[in-house]
Amino acid sequence: MNRATVFFVLVSLSITWGEMGTCGNCAKGDLSITELTEARIQFIKQQILKKLRLSKKPAVAVPVNSLPMPVAQGQTLSHGTDKPPEFDDYYGRTEQKIIFPVEGECLTSGRYPFTCLQFELPPDVEPEEVTVVELWFYKERDPFDEYNQTFVISEAAHWDSQQQFKKTKPIAIKETDIGEGWVRVELAWAVRVWLEGRERLHTLHVACRTCQLRRAPLSFHEKHRPFLVLYTKYAGKRRQGRALECGSNTSECCREPLYVSFRELGWDDWIIRPAGYHAYFCKGSCLPISAVTKADSYHHNIIRKYFYSVSNDKRAEFKPCCAPTTFSSLQLLYMDSNNTVTQKTLPNMVVESCGCM
């Protein structure tokens with residue numbers, strides 16, 4: 001990418017994120033504040049869809065308000081700190097997948113009360129990406145049990161070493177108290193093996209060794225139904241910048257609040273968390289270009305190189321714009337058309353600081 005192209009990209013960003021209509025060569029037109037706000041929100045909507053690789057919002061069959069409470073309340077959200085060098089700074093990066101198993105028929109039985117959970121692993125997750133896998137299930141109280149309960153989670157319908165008959169293969173044991181509530185079981189090792197073998201369809205056999213009931217006390221109520229969470233290691237780092245906040249007496253380049261409500265956009269039927277976010281935008285006046293190019297930053301260095309590469313006539317026409325200089329990411333937890341919940345971090349969605357470009 002040459003200097004002119006880079007400059008064009010920076011100016012194009014300033015048209016949308018900067019003060020549209022008041023920025024010299026950056027944008028022209030007499031738009032009202034309401035029209036400017038609507039234009040910015042429409043731009044943000046398109047950015048979210050593009051970064052999620054969607055052409056339109058997904059058609060969701062399962063209502064968001066019927067999800068299990070830990071998912072709906074954001075208890076599964078991961079907050080990473082490391083950014084990989086190969087990270088693409090445009091498209092959203094998957095950090096979490098939530099799968100909802102269904103109660104299925106077990107091909108094998110057992111001596112203890114049990115339940116079988118059938119599910120399909122997502123095709124877009126590689127085994128080396130997986131850091132943590134948790135099975136969440138809601139345990140109902142066993143009125144006949146006065147002691148701690150022990151659950152054994154096994155891979156169901158697994159062939160024995162001689163390929164002669166199917167059996168259950170234990171992969172995790174979890175001890176709990178006798179109270180009612182959510183239970184989390186770590187299954188990362190087993191899931192990585194399944195992903196390496198390109199095995200997507202699986203059944204988990206969940207047995208309670210201490211229960212006196214006829215079946216394991218797992219709830220399948222819509223707010224309590226089991227789910228599987230896959231966390232990946234590609235969690236991003238939030239980039240902070242110093243911002244001059246706009247005020248009633250501020251005329252120079254500053255950061256102005258702009259809150260995007262997903263409910264007002266009609267997107268609360270597929271975006272679970274957050275309910276909205278502060279996107280911000282830049283507004284205000286800038287110094288002459290001769291003063292701007294003295295600043296020492298990556299963006300100003302690009303402008304300086306471009307400024308001194310053009311003729312004097314073009315320099316006279318060149319006027320700086322108030323535009324974002326640093327951004328941070330937006331973390332989304334959303335439901336897709338396959339009824340899978342995904343957590344992704346979308347880069348460059350929050351204006352952190354503004355400057356003249």
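The name given to the protein in an unreviewed UniProt entry is TGF-beta family profile domain-containing protein, with the source organism recorded as Pieris macdunnoughi. According to the UniProt record, the Sequence similarities (unreviewed entry) comment for the protein reads "Belongs to the TGF-beta family." Turning to the protein, the UniProt record has this under Subcellular location (unreviewed entry): "Secreted".

In spatial order, the strands read β7-β4-β9-β1-β16-β15-β12; together these 7 strands make up an open sheet with antiparallel pairing. Looking at the sheet topology across the chains shown, the edges are occupied by β7 (181-186) and β12 (271-273). Each strand axis lies, on average, 30° off the axis of its neighbour in the sheet, ignoring direction. As judged from the 12 bridges shared by strand β15 (residues 322-335) and strand β16 (residues 341-356), these two strands associate in the antiparallel manner. Paired with Gln-331 across the bridge in β16 is Thr-345. Sheet strands in contact with helix α2 (residues 33-51) are β15 and β16, and its direction is about 135° off that of β16. Relative to the sheet, helix α4 (residues 188-196) contacts β4 (130-139), β7 and β9 (227-232), its axis offset from that of β4 by approximately 120°.

For Lys-344, the location among the structural elements is in strand β16. No salt bridge is formed by the buried Lys-344. Its closest oppositely charged neighbour is Asp-124, at 5.7 Å. Beyond its immediate sequence surroundings of up to four residues, Lys-344 is in contact with Leu-52, Gly-92, Arg-93, Thr-94, Glu-95, Leu-330, Gln-331, Leu-332 and Tyr-334.

Put plainly, a disulfide is one covalent bond tying together the sulfur atoms of two cysteines. Summed over the entire model, instances satisfying the criterion amount to 4 disulfides. Sulfur-sulfur distance for the disulfide between Cys-253 and Cys-322 comes to 2.1 Å. Residues Cys-253 and Cys-322 are joined through a disulfide that is right-handed, its torsion about the S-S bond being 80°. A residue pair is termed long-range when its members are at least 10 positions apart, and Cys-253 in the loop between β9 and β10 (254-256) and Cys-322 in strand β15 qualify at 69 residues. Accessibility expressed as a relative area gives 1% for Cys-322, which makes it buried. The disulfide partner of Cys-282 is Cys-354, and the S-S distance across this bridge is 2.0 Å. Its S-S torsion of about -80° marks the bond between Cys-282 and Cys-354 as left-handed, since a negative value means left-handed. Remark: Cys-354 occurs in strand β16 and Cys-282 occurs in strand β14 (residues 281-283); sequence separation between them is 72 residues. With relative accessibility at 0%, the residue Cys-282 sits in the buried group. Relative accessible area serves as the criterion here: at 18%, Cys-354 is assigned to the buried category.

This part covers the confidence of the model for the protein. Averaged over all residues, the pLDDT of the protein is 77; the fraction at 70 or higher stands at 72%. Of all secondary-structure elements in the protein, the lowest mean pLDDT belongs to helix α1 (residues 3-17), at 42, while strand β11 (residues 259-261) reaches the highest, 93. Here residues 19-28 is modelled with pLDDT under 50, and outside its nearest four sequence neighbours on either side it reaches 25 contacts, counting other chains as well. In the predicted structure, residues 81-88 sits below a pLDDT of 50 and forms 13 contacts with residues beyond four places in sequence or in another chain.

Attention now moves to the pattern of salt bridges. The tally for this structure, following the rule as stated, stands at 7 salt bridges. In this structure, Asp-269 and Lys-57 form a salt bridge, with 3.1 Å as the shortest nitrogen-oxygen distance. Placement of the pair is Asp-269 in the loop between β11 and β12 and Lys-57 in the loop between α2 and α3 (69-72), with a sequence separation of 212 residues. On the basis of relative accessibility, which here comes to 36%, the residue Asp-269 falls in the partly exposed class. Classification of Lys-57 as partly exposed rests on a relative accessible area of 33%. Residue Arg-198 pairs with Glu-126 through a salt bridge whose shortest N-O separation is 3.4 Å. Separated by 72 residues along the polypeptide, Arg-198 in the loop between α4 and β8 (201-208) and Glu-126 in the loop between β3 (114-120) and β4 bring together distant segments of the chain. According to the relative accessible area criterion, Glu-126 is partly exposed, its value standing at 26%. If you follow the salt bridges from partner to partner, you end up with Glu-245, Arg-255 and Glu-352 in one network.

Procedures and definitions
Residues numbered from 1 in each chain as written. Predicted model: local features only at pLDDT ≥ 70, side-chain atom pairs only at ≥ 80, totals over all residues. Heavy atoms only, no water. UniProt positions renumbered as here; feature names shortened; annotations may be inferred. Pairing = 2+ DSSP bridges. Helix = DSSP H or I, 4+ residues; strand = E, 2+ residues; numbered from the N terminus. Axes fitted to C-alpha atoms, helices over the stretch in contact; angles between N-to-C directions. Contact = heavy atoms within 4.5 Å. Buried < 20%, exposed > 50% of the residue type's maximum accessible area, 1.4 Å probe, protein only. Lys, Arg positive; Asp, Glu negative; His and termini not counted. Salt bridge = Lys/Arg side-chain N within 4 Å of Asp/Glu carboxyl O. Disulfide = S-S within 2.5 Å. pLDDT = per-residue confidence, 0-100.

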